[in-house]
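# Breakdown of the fold
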Amino acid sequence: MNPPPPYRRYALRRCAVPVAAGALLLGALAPTVASAAPATASAEARPADTVQQWLDALVAGDQLPAALAAVRGRDGRTRDYTSGVGDLATGAKVPVDGQVRIGSNTKTFVAVVVLQLVAEGRIQLDASLDTYLPGLIHGDGIDGKSITVRQILQHTSGLVDYVPFVDLAGPDQYIEPRELLDIALAQRPDFAPGAGWKYSNTGYLIAGLIVQKVTGRPVGEEITKRVIDRIGLRHTYFPAQGDMTVRERHPHGYVLPEEPGGQPYDITEMDPSWAWAAGAMISTNTDLNRFFAALIGGRLLPPAQLAQMRTTVPAEYMGPGARYGLGLASRPLPCGGLSWGHGGSLPGYVTRGGVTEDGRAANIAVTAAPSPEVRQRVADAVDAALCR
């Protein structure tokens, strides 16, 4: 796929940055439902449904091609919602519970695998990176002997995020994880290990490399065996090398134009290698709800490791009251209590979601990676769905 010249600078240089914003965005803004929203709702949705109103507002008010959601309510029932157009070229409808690129939700899958290996005695959270990747993590002000596994999972390592420094020639370019790591290690750290908190995709490149070193298998295979197959996520996968497609029914993802009157660029097919263990996976809203519910419900980790994962530090970058554990974030809900999840952004797609202790779950996906303000409204829509 050969993109037009403006795409090279905008879509892959600037639009790569939202991977770093893959954590949840918080807030409690009231939705303004635009009139004449081009929307379709599943049979489960009612015209006055709050979730449908939010999705319609995102499509009509924020000019997003499509939005789709899966919500498990207090009654235990899951309801699916759609709004907008699934393919701008053909006008096709948004597929109910279609597959999307889930970006930084991938981090939670990787963290689960690391913590399973901790439970098996094969990794220690407070061991240095040099224990598993001797001599690899080094640079100006960087020493793998002084950074722990816990710190890379918690974003307290101080290692610079590599994503803003990635410059790709096109969406079909493959980059090795070690090349991405070299980009990060060429930068001085943001702070000394443990001296602060800053979201960094680099830590999850390293986590993926540790998983591969310890198990002798690709990180995607370990995620499939230890998580996807274990809890029956039928529509979730880690793309194989060179796989640029979204395999099942899906809405197309777009880069929105910067200039008025410009046309959205279809970026559905792309090589996600530059996101790798930090954000390459594909799933559905329903599968993400199932995954996070299984995780919080204790089906993927022993109690000791789940407790470690849920031990959090302040992460105000994500919003008021937000906290981050080991690949898992918590945020306060406007109706009380906490939501646990992650969220993800990748060129073409944004996903936000969360689950509660009492079994509620909601995940919403939109088919563009727009401004932080719009991503905030997607997160607000999740809050509204969980608080119905």
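All chains use their own residue numbering, which begins from 1 and follows the written sequence. In keeping with the predicted nature of the model, local features appear solely for residues at pLDDT of at least 70, side-chain atom pairs appear and are counted solely at 80 or more, and the whole-chain, interface and lining totals rest on all residues. Side-chain descriptors were evaluated using all non-hydrogen atoms of the structure, hydrogens and water having been removed beforehand.

### Focus on the confidence of the model for the chain
What counts, and what does not: By definition, pLDDT measures how confident the predictor is in each residue, and it falls between 0 and 100. Whether two residues are in contact is decided by their heavy atoms, any of which lying within 4.5 Å being enough.
On average, residues of the chain score 89 in pLDDT, and 88% of them are at 70 or above. The low-confidence segment residues 1–47 (pLDDT under 50) makes 138 contacts with residues lying over four places distant or belonging to another chain.

### Quick notes on the packing of aromatic side chains
The way to describe two aromatic rings as a pair is by their centre distance and the angle between their planes. Spelled out, the test is: Only Phe, Tyr and Trp rings are paired, with Trp represented by its six-membered ring, and only when their centres lie within 6.5 Å; those with planes under 30 degrees apart are stacked, over 60 edge-to-face, the remainder tilted. Segments assigned H or I by DSSP are reported as helices when at least four residues long, segments assigned E as strands when at least two residues long, and all are numbered from the N terminus. Note on exposure labels: buried denotes an accessible area under 20% of the residue type's maximum, exposed denotes more than 50%, and partly exposed covers the range between, all computed with a 1.4 Å probe on protein chains only.
Under the criterion given, the structure shown has five aromatic pairs. Seen in terms of ring centroids, Trp197 and Tyr317 are 6.3 Å apart; in terms of plane orientation they differ by 40°. Their pairing is tilted. With Trp197 in the loop between helix H6 (177–185) and helix H7 (202–215) and Tyr317 in the loop between strand E9 (313–314) and strand E10 (323–324), the pair connects residues that are 120 residues apart, well separated along the chain. The buried category is assigned to Trp197, whose relative accessible area is 17%.

### Thoughts on helix H12 (residues 372–386)
Operational definition: For a helix, the expected span equals 1.5 Å multiplied by the residue count minus one.
For H12, built from 15 residues, the straight-helix expectation of 21 Å at 1.5 Å per residue is met to within 8% by its first-to-last C-alpha distance of 21 Å. H12 sits mainly inside the fold: 12 of its 15 residues count as buried. For H12, every residue scored as buried is listed here: Val374, Arg375, Gln376, Val378, Ala379, Asp380, Ala381, Val382, Asp383, Ala384, Ala385 and Leu386.

### Thoughts on the pairing of strand E2 (residues 78–84)
Quick note on the threshold: When DSSP finds two or more bridges between a pair of strands, those strands are recorded as paired.
With six of seven residues buried, E2 lies mostly within the body of the structure. Across seven bridges, the pairing between strand E1 (residues 66–72) and E2 is antiparallel. The residue of E2 that forms the bridge with Ala70 is Asp80. Once E1 ends, the chain turns through five residues before running back antiparallel as E2, passing Gly76 with a positive phi of about 85°.

### Overview of the layout of surface pockets
Gaps left between atoms are located by rolling a probe of water-molecule size over the structure's atoms. To keep things clear, this is the line we draw: Using a 1 Å grid laid over the protein atoms alone, points where a 1.4 Å probe fits but cannot get out form a cavity; open sets with protein on both sides within 12 Å along at least 5 of 7 lines form a pocket; any residue with an atom within 4 Å of a point counts as lining. Grid points are joined across faces, edges and corners, and a volume is the space filled by probe spheres set on the points. When residues are sorted by character, Ala, Val, Leu, Ile, Met, Phe, Trp, Tyr, Cys and Pro go into the nonpolar class, Asp, Glu, Lys and Arg into the charged class, and all the rest, Gly among them, into the polar class.
Volume-wise, the largest pocket comes out at about 320 Å³. Forming the boundary of the largest pocket are 18 residues, of which Phe238, Pro239, Ala240, Gln241 and Trp276 lie nearest the centre. For the lining of the largest pocket, the element with the highest residue contribution is helix H8 (residues 219–231), accounting for three residues. For the lining of the largest pocket, a count of residues per class yields 10 nonpolar, five polar and three charged.

### A word on the packing of H6 against H7
Helix packing for two helices is described by the angle between their axes and how far apart those axes are. Stated formally: For helices, the fitted axis covers only the stretch in contact; all axes are lines through C-alpha atoms, and the angles between them, taken along N-to-C directions, range from 0 to 180 degrees. Angle categories: roughly parallel below 35 degrees, roughly antiparallel above 145, roughly perpendicular from 65 to 115, and oblique for all the rest. Handedness of a crossing follows from how the near helix is turned relative to the far one, being left-handed for an anticlockwise turn of less than a right angle and right-handed for a clockwise one.
Orientation of H6 relative to H7, taken along the N-to-C sense of each, is 140°, at an axis distance of 10 Å. With respect to each other, H6 and H7 are oriented oblique. Taken as a pair, H6 and H7 cross one another with a handedness that is left-handed. Of H7, the residues touching H6 (which contributes Pro177, Arg178, Leu180, Leu181 and Ala184) are Thr202, Leu205, Ile206 and Leu209. Looking at the contact of H6 with H7 residue by residue, the class counts come to seven nonpolar, one polar and one charged.

### Some words on the state of the cysteines
Put simply, the test is: The criterion for a disulfide is a pair of cysteine sulfur atoms lying within 2.5 Å.
Summed over all chains, the structure comprises one disulfide. Through a disulfide, Cys335 is tied to Cys387; the S-S separation comes to 2.1 Å. Between Cys335 and Cys387, the S-S dihedral sits near -75°, and the bridge is therefore left-handed. Of this pair, Cys335 sits in the loop between strand E11 (329–332) and strand E12 (338–341) while Cys387 sits in the segment after H12, and the two are 52 residues apart along the sequence. We classify Cys335 as partly exposed; its relative accessible area is 41%.

### Comments concerning unusual backbone geometry
With phi around 60°, Gln63 is a residue other than glycine that occupies positive phi space. Relative to the helices and strands, Gln63 resides in the loop between helix H2 (50–61) and E1. The exposed category is assigned to Gln63, whose relative accessible area is 58%.

### Details of the nonpolar core
Inclusion rule: Here, the term nonpolar core denotes a set of buried Ala, Val, Leu, Ile, Met, Phe, Trp, Tyr and Cys residues that are joined through side-chain atoms within 4.5 Å.
By size, the foremost hydrophobic cluster in this structure holds 87 residues, and its most contacted members are Phe109 and Leu153. In terms of residues, this core owes the most to one element, helix H3 (residues 105–119), which gives nine residues. Residues within four places of Leu153 in sequence aside, it is in contact with Ala111, Val114, Leu125, Tyr204, Ala207, Tyr324, Gly325, Leu326 and Gly327. Grouped together as the second largest cluster of nonpolar side chains are 24 residues, Trp54, Ala368, Val378 and Val382 included.

### Some thoughts on the pairing of E11
Strand direction decides the pairing type here: E10 and E11, joined by two bridges, are antiparallel. The residue of E11 that forms the bridge with Tyr324 is Ala329. Connecting the antiparallel pair E10 and E11 is a turn made up of four residues, with Gly327 showing a positive phi of about 75°. Two elements, E11 and E12, share four bridges in a ladder whose sense is antiparallel. Bridge pairing links Arg331 to Ser339 in E12. Following E11, the chain reverses through five residues before pairing antiparallel with E12; Gly336 in that reversal takes a positive phi of roughly 100°.

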